[in-house]
There are 4 protein chains.
Amino acid sequence: MNEPRFPTSLGMSTTSTITLLGEDLARDLMGKVSLTELVHRMVTLRVPSPGQVRMLDACLLALADHGFTPTAIAARLTYLSAPDSVQGAMAAGLLGGGSRFLGVTEDCGQFLATTVTELPEQPTDDLGWDDTARTVVRRERTERRIIPGLGHPVHKELDPRTPALINIAHEEGCYGPHLALFEAIGRVHEEVLGRRLVLNGAGAVGAALADLGLPPQLLRGFALFARAAGLLGQLAEELRMPVGMDTYLMVERNAVFVDPATLTEDDDG
Amino acid sequence: MNEPRFPTSLGMSTTSTITLLGEDLARDLMGKVSLTELVHRMVTLRVPSPGQVRMLDACLLALADHGFTPTAIAARLTYLSAPDSVQGAMAAGLLGGGSRFLGVTEDCGQFLATTVTELPEQPTDDLGWDDTARTVVRRERTERRIIPGLGHPVHKELDPRTPALINIAHEEGCYGPHLALFEAIGRVHEEVLGRRLVLNGAGAVGAALADLGLPPQLLRGFALFARAAGLLGQLAEELRMPVGMDTYLMVERNAVFVDPATLTEDDDG
Amino acid sequence: MNEPRFPTSLGMSTTSTITLLGEDLARDLMGKVSLTELVHRMVTLRVPSPGQVRMLDACLLALADHGFTPTAIAARLTYLSAPDSVQGAMAAGLLGGGSRFLGVTEDCGQFLATTVTELPEQPTDDLGWDDTARTVVRRERTERRIIPGLGHPVHKELDPRTPALINIAHEEGCYGPHLALFEAIGRVHEEVLGRRLVLNGAGAVGAALADLGLPPQLLRGFALFARAAGLLGQLAEELRMPVGMDTYLMVERNAVFVDPATLTEDDDG
Amino acid sequence: MNEPRFPTSLGMSTTSTITLLGEDLARDLMGKVSLTELVHRMVTLRVPSPGQVRMLDACLLALADHGFTPTAIAARLTYLSAPDSVQGAMAAGLLGGGSRFLGVTEDCGQFLATTVTELPEQPTDDLGWDDTARTVVRRERTERRIIPGLGHPVHKELDPRTPALINIAHEEGCYGPHLALFEAIGRVHEEVLGRRLVLNGAGAVGAALADLGLPPQLLRGFALFARAAGLLGQLAEELRMPVGMDTYLMVERNAVFVDPATLTEDDDG
């Protein structure tokens, strides 16, 4: 076996230089580029416009923290158990970033990206997008699949993040086919499905990230990056006003024993 | 047991509102605040100045990515094994953020913070800080403890991140006692230790984060947040130019069996 | 909201007792039950026969360690970076237990379980199972789906774990419809697919675990439990004969910079 | 750089063989060796006696599951959020295995091992161990350090796991200096500290594992392996009788907003 070579365009260092993306880290990036811009560049290898950075920051803010979610609670409980390992608490919090609570962004972005890619040609106005959306919604309904990004358990009237993202996208020239299709789905789904559902913020973020040209396979990664910020805030609050111990005691003290025999009898019945 | 209440100043939502830190997320934060500013606010509950945000971004950039580190390789190998779980790959990468490769920032920040807190009064000029630094370096040497932030395995002459951070701190009014003590240690350690060591960038970040007023217990958390951005970039590159499989094969194909019996005999000898 | 109650049949304790599954832990379980038997009981709520425990141990051994896998390497690299956090290294190793390297057991067990459940009645002899297997293999081929458990990148002639598991299953009365269908697929697939593939060990474990009555959704969990043992062995070896640093250096020293501009030009072309 | 070689005594495979520890996996290990025995062998490279395996199993059972601990709850919440990633839920549960809730075993084993190693010669009877224990307890008290393994928040009279482990150790010839010192500490600490504390089970496990010759740096790893079994049981129960959603809702619905301004005012005062 020949010695392999490991290609990279990211961080490199010599005794006298530290570069990232081929740029001098200390001279050309630090003090000039925000972490949000950096992550955009590392993922796309392109320099985003200030408007694209603002758009991406808005997306990340929409995802950073939703209060006492299962992932935030898991991170706090892990911090309670292992306060010496902040990395374990943050990792535990990220590990809940799966299909159910953090997957909508990725699912919606991928769904829109696949649909847009397969279009023979993109519509040029809202009516055109409405036609496309009708076809898509009907097809998904026939296949009994749910459309990601539609509906929210709490914000049944309006998810305020959705119009905010759309406005910023227009302001910054970041409004593209994914947001256009997402909005069209918002307009036409009721006539197909028979009920009105909200366009949720997690889905809108997926659409906006896809319009920013970020790779559909990694949209969840942006949600996780945003969540890393939120989890750091959660851990800081756990230091300030802890709830981990109360959460644990509340479950532990209300535990009720269920005899295993009563559970397996049912199986046999 | 009375029903516990769970206090929080972070994310809350009702059917019609989503707030974070008591602010309307969609109206007051999205589009106006970067993720870096948000994490500062969530951790400190204070609104940072634009200069403080620039300083924090510079610190985060210094930590975001160092190329093929053990943590970046671990994340890529995990992505190779479980491509369906981006959260697992990012979590695996963060889990290497412990004492050896990512702990310098925290160790240095805490060391400086403890020292500064214990000073009866802070020096007012460089000569004063030099006196303090001499006392500290001598004490640590007597106790045979290493001073975090001194020395770097590669950048033996200069870690270019250190002067860059100090410059930005001066520009933005973020230069405080922690950076002052850190610089003084850089000036005086040679006369005590007998050899000249570089002030490394990870340590300088710890000093700068402490001067920003961030809690010493969570400095590693900021390194992890920065690393989350870097890991996302690493995973994007793994999609573009994979090295995980070659890394694995290179180890696996060069495995050499060592008979366990030859190892335990020695123990008995 | 009424105070919730949290039902459990597992661990409970009072000031004077510690119980698990309703049994006195110290008196009735410790010294009498192996960890393998315990995990079987905790998952199924039934007391397995000694033969079932032997069968489960054989399955777990088949999965415990495969040498320098990506997951083992990721665990060792994480241990190198954060030696203070053994839990982080083990967690990082488990996080590679996803679809590609550890998912075959679960996929195969679930595939067989679904097929067996949907049979109007189970065949009573090998010829009957062969008919069933032919139908299944033809259907999967038509649907262009791969059959989990067929084929192995290294053991192209025979995966020795497969006959070993089948023998133990016969010896212990643990041979059921899932192994029967798996063996039948092994006999008939060549006439449908036109080439002979090995029945791999990971798939055989999935079949055997399903025959043990373990829940199909958690078969991957048994692979992870077995892998926890293997990872502990890997970390012990990393203490004894470390390879983490060499792995890291081998990648880091063979890094080759690829100018990002050369990669994005192609995209635009 | 010469191509590195990666030494290992663990898993290896060729096209026709799979070995582990130099043994033929399918022929010599599967069906003959339990997972508990395997982990002992992988860590120590020695073949344990049946009595040592029974002792190790008893230790593992003592640690496997303690009901609704913070780590079990974190695993269940993670499973709720990301049911597609069992590995994430198990990893999240293990990540709480740090200093506070799972570290006693390691701390106690290491404390005893260090003490025993430093003895000029080992006592030969209980009176001798009592003298040693008095010296140790006095020293720790003078240094204001707590002695790991002493005291339990719930089992204030007796932790029933401790005598159970000691009995099995005597039965199996596994009683050595670490358990002897631990018992002596249990006898003499009251005369030094002025109050009677229980010898807790986690500490007894640490002593027993050290007497089994397992490496002190990895004792936490055995606790984690045992906990992997317990977590699998917890996840199986979460499928059967879920509590994750109720835990989350109980915290989320009892969230109380605390204005950040009221918290930072204090700081400034």
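No experiment lies behind these values; they were computed from the predicted model shown. (Residues numbered from 1 in each chain as written. Chains lettered and ligands numbered in written order. Predicted model: local features only at pLDDT ≥ 70, side-chain atom pairs only at ≥ 80, totals over all residues. Heavy atoms only, no water.)

(A) Main features of the overall build of chain A. A count of helical and extended segments in chain A gives 13 helices and five strands. In terms of overall dimensions, chain A has a C-alpha envelope of 65 × 65 × 50 Å along the principal axes. Expressed as a percentage of its 269 residues, the buried residues of chain A come to 64%. Summed over its atoms, the accessible surface of chain A is roughly 10,000 Å², and 49% of this surface lies on carbon and sulfur atoms. (Helix = DSSP H or I, 4+ residues; strand = E, 2+ residues; numbered from the N terminus. Buried < 20%, exposed > 50% of the residue type's maximum accessible area, 1.4 Å probe, protein only. Areas by Shrake-Rupley, 256 points an atom, 1.4 Å probe, with all protein chains shown as cover.)

(B) Examining the interface of chain A and chain B more closely. Facing the 89 residues of chain A at the interface are 88 residues of chain B. Across the chain A/chain B interface, buried area totals approximately 7,100 Å², and carbon plus sulfur atoms make up 74% of it. Of all residues in chain A, Met30(A), Leu35(A) and Leu61(A) give up the largest surface area on contact with chain B, accounting jointly for 10% of the area buried on that side. For the pair chain A and chain B, the interface holds 18 residue pairs in polar contact (both at pLDDT 80 or more). Here the element with the most residues in the side of chain A that touches chain B is helix α11 (residues 219-240) of chain A; it accounts for 17 residues. Its residues assigned to classes, the side of chain A that touches chain B shows 51 nonpolar, 25 polar and 13 charged. (Contact = heavy atoms within 4.5 Å. Buried area = accessible area lost by both parts, 1.4 Å probe. Polar contact = N/O pair within 3.5 Å; in protein donor to acceptor, adjacent residues only side chain to side chain. Nonpolar A, V, L, I, M, F, W, Y, C, P; charged D, E, K, R; others polar.)

(C) Here's a closer look at the relation of the copies chain C and chain B. Mapping chain C onto chain B calls for a rotation angle of 180 degrees and an axial translation of 0.0 Å; the resulting RMSD is 0.0 Å. One copy is carried onto the other by what is essentially a two-fold rotation axis. Here 100% of the interface residues in chain C have copies in chain B that are interface residues too; the copies meet face to matching face. (Least-squares fit on C-alpha atoms with pLDDT ≥ 70 in both.)

(D) Broad picture of the interface of chain C and chain B. Counting residues at the interface gives 35 residues for chain C and 35 residues for chain B. At the boundary of chain C with chain B, total buried surface from both sides reaches about 3,000 Å², with 71% on carbon and sulfur atoms. Among the residues chain C hides against chain B, the three largest losses belong to Phe68(C), Ser81(C) and Leu95(C). Together they make up 18% of the total. Linking chain C with chain B are zero salt bridges. Among the secondary structure elements, those contributing two or more residues to the side of chain C that touches chain B are α4 (70-81), α5 (86-95), α11 (219-240) and α12 (244-253) of chain C. Among the residues making up the side of chain C that touches chain B, the classes are represented as 20 nonpolar, nine polar and six charged. (Salt bridge = Lys/Arg side-chain N within 4 Å of Asp/Glu carboxyl O.)

(E) A look at the pattern of salt bridges. For the coordinates displayed, the defined rule picks out 64 salt bridges over all chains. Between Arg187(C) and Asp126(C) there is a salt bridge whose closest N-O contact spans 4.0 Å. Residue Arg187(C) is found in helix α9 (residues 177-193), and its partner Asp126(C) is found in helix α7 (residues 126-142); the two are separated by 61 residues along the sequence. Between Glu237(C) and Arg240(C) there is a salt bridge, with its nearest N and O atoms 3.8 Å apart. Pair noted here: Glu237(C) and Arg240(C) are both in helix α11, with a separation of three residues, about one helical turn. Of the residues examined, Glu237(C) reaches a relative accessible area of 0% and is grouped as buried. Relative accessible area serves as the criterion here: at 29%, Arg240(C) is assigned to the partly exposed category. Salt bridges sharing partners connect three or more residues here, namely Arg76(A), Glu237(A), Glu238(A) and Arg240(A).

(F) How the structure looks around the environment of Val198(D). All names here are of chain D. Of note, Val198 is situated in the loop between α9 (177-193) and α10 (201-211). A residue is classified by how much of its surface remains accessible, and Val198, at 7% relative accessible area, is buried. In this structure the C-alpha to C-alpha distance between Val198 and Glu252, which are 54 residues apart in sequence, comes to 38 Å. With residues near it in sequence (within four places) discarded, Val198 still touches Gly149, Leu150, Gly151, His152, His155, Lys156, Glu157, Leu158 and Asp159.

(G) Structural context of the nonpolar core. Within the largest apolar cluster, 162 residues are counted, with the highest numbers of intra-cluster contacts made by Phe225(C) and Phe225(D). Counting residues domain by domain, this core receives three or more from each of domain 1 (10-47) and domain 2 (104-218) of chain C. (Core = buried A, V, L, I, M, F, W, Y, C linked by side-chain atoms within 4.5 Å. Domains from an automatic or database assignment.)

(H) Geometry of helix α3 (residues 50-64) of chain C. All names here are of chain C. End to end, α3 covers 21 Å across 15 residues, agreeing with the expected 21 Å (1.5 Å per residue, within 8%). Within α3, 12 of the 15 residues are buried, which leaves the element mostly enclosed by the surrounding structure. Among all positions of α3, only Gly51, Val53, Met55, Leu56, Asp57, Ala58, Cys59, Leu60, Leu61, Ala62, Leu63 and Ala64 are buried. (Expected span 1.5 Å × (residues − 1).)

(I) Region of the structure containing the relation of the copies chain A and chain B. The two copies are related by a screw operation: chain A maps onto chain B through 180 degrees of rotation and 0.0 Å of translation along the axis, at an RMSD of 0.0 Å. Here 99% of the contact residues of chain A are again contact residues in chain B; the copies associate through an equivalent surface.

(J) Quick peek at the environment of Leu25(B). For Leu25(B), the location among the structural elements is in helix α1 (residues 25-29). Between the C-alpha atom of Leu25(B) and that of Ser13(B), which follows or precedes it by 12 residues, the distance is 9.8 Å.

(K) Looking closely at the state of the cysteines. All names here are of chain B. Taken as a whole, this structure holds zero disulfides over all chains when the rule is applied. In this structure Cys174 is a free cysteine whose sulfur lies 8.8 Å from that of Cys59, the closest cysteine sulfur available. Among the residues examined, Cys174 registers a relative accessible area of 6% and is labelled buried. (Disulfide = S-S within 2.5 Å.)

(L) The packing of aromatic side chains, seen in detail. Scanning all chains against the criterion turns up six aromatic pairs over all chains. Ring centres of Phe6(A) and Phe68(B) lie 6.5 Å apart, and the angle between their planes is 75 degrees; this geometry places the pair in the edge-to-face category. Separated into two different chains, Phe6(A) in strand β1 (residues 6-8) and Phe68(B) in the loop between α3 (50-64) and α4 (70-81) make up a pair that spans both. Accessibility classification places Phe6(A) together with Phe68(B) in one group, the buried group. (Phe/Tyr/Trp six-rings, centres within 6.5 Å; stacked < 30°, edge-to-face > 60°.)

(M) Region of the structure containing the confidence of the model for chain A. On average, residues of chain A score 93 in pLDDT, and 97% of them are at 70 or above. Across the interfaces of the predicted complex, the ipTM metric reaches 0.95, alongside a pTM of 0.95. (pLDDT = per-residue confidence, 0-100.)

(N) Broad picture of the side chain of Arg41(C). Relative to the helices and strands, Arg41(C) is located in helix α2 (residues 35-44). Aside from chain neighbours lying at most four places away, what touches Arg41(C) is Leu21(C), Glu23(C), Leu29(C), Val33(C), Arg46(C), Val47(C) and Pro48(C).

(O) Just the sheet that holds strand β2 (residues 12-13) of chain C, in detail. Reading across the sheet, the three strands line up as β2-β3-β4 (chain C) and stay open at both edges, with antiparallel pairing between neighbours. Both outer strands of the open sheet, β2 and β4 (23-24) of chain C, are each paired with one neighbouring strand and no more. (Pairing = 2+ DSSP bridges.)

(P) Here's a closer look at the packing of α3(C) against α11(C). Residues and elements named next belong to chain C. In the contact formed by α3 and α11, the axes pass within 8 Å of each other and the chain directions differ by 65 degrees. Between α3 and α11 the crossing geometry is right-handed. For the pair formed by α3 and α11, the contact residues are Leu56, Leu60, Leu63 and Ala64 on the first element and Phe222, Ala223, Phe225, Ala226, Arg227 and Gly230 on the second. Split by residue class, the contact of α3 with α11 holds eight nonpolar, one polar and one charged. (Axes fitted to C-alpha atoms, helices over the stretch in contact; angles between N-to-C directions. Left-handed = near helix turned anticlockwise from the far one by under 90°.)

(Q) Local environment of the packing of helix α6 (residues 104-118) of chain C against α7(C). Residues and elements named next belong to chain C. At their nearest, the axes of α6 and α7 sit 12 Å apart, and the two run at 115 degrees to each other. Between α6 and α7 lies a crossing whose hand is right-handed. Taken together, the residues of α7 that come into contact with α6 (itself represented by Phe111, Thr115 and Val116) are Trp129, Val136, Arg139 and Glu140. Within the contact of α6 with α7, the residues separate by chemical class into four nonpolar, one polar and two charged.

(R) How the structure looks around the sheet that holds strand β4 (residues 23-24) of chain A. Residues and elements named next belong to chain A. Spatial strand order, β2-β3-β4: three strands in an open sheet with antiparallel pairing. Sheet topology places β2 (12-13) and β4 at the edges, where each strand pairs with a single neighbour. Two strands pair when backbone bridges link them, and strand β3 (residues 18-20) and β4 are joined in this way by two bridges, in the antiparallel orientation. Looking across to β4, one finds that Leu20 is bridged to Glu23.

(S) Structural context of helix α4 (residues 70-81) of chain D. When the terminal C-alpha atoms of α4(D) are compared, their 16 Å separation across 12 residues agrees well with the 16 Å that a helix rising 1.5 Å per residue should span. Of all 12 residues making up α4(D), 12 are buried, and the element is well covered by its neighbours. Among all positions of α4(D), only Pro70(D), Thr71(D), Ala72(D), Ile73(D), Ala74(D), Ala75(D), Arg76(D), Leu77(D), Thr78(D), Tyr79(D), Leu80(D) and Ser81(D) are buried. Buried residues along α4(D) sit against α4 (70-81), α5 (86-95) and α12 (244-253) of chain A together with α5 (86-95), α11 (219-240) and α12 (244-253) of chain D.

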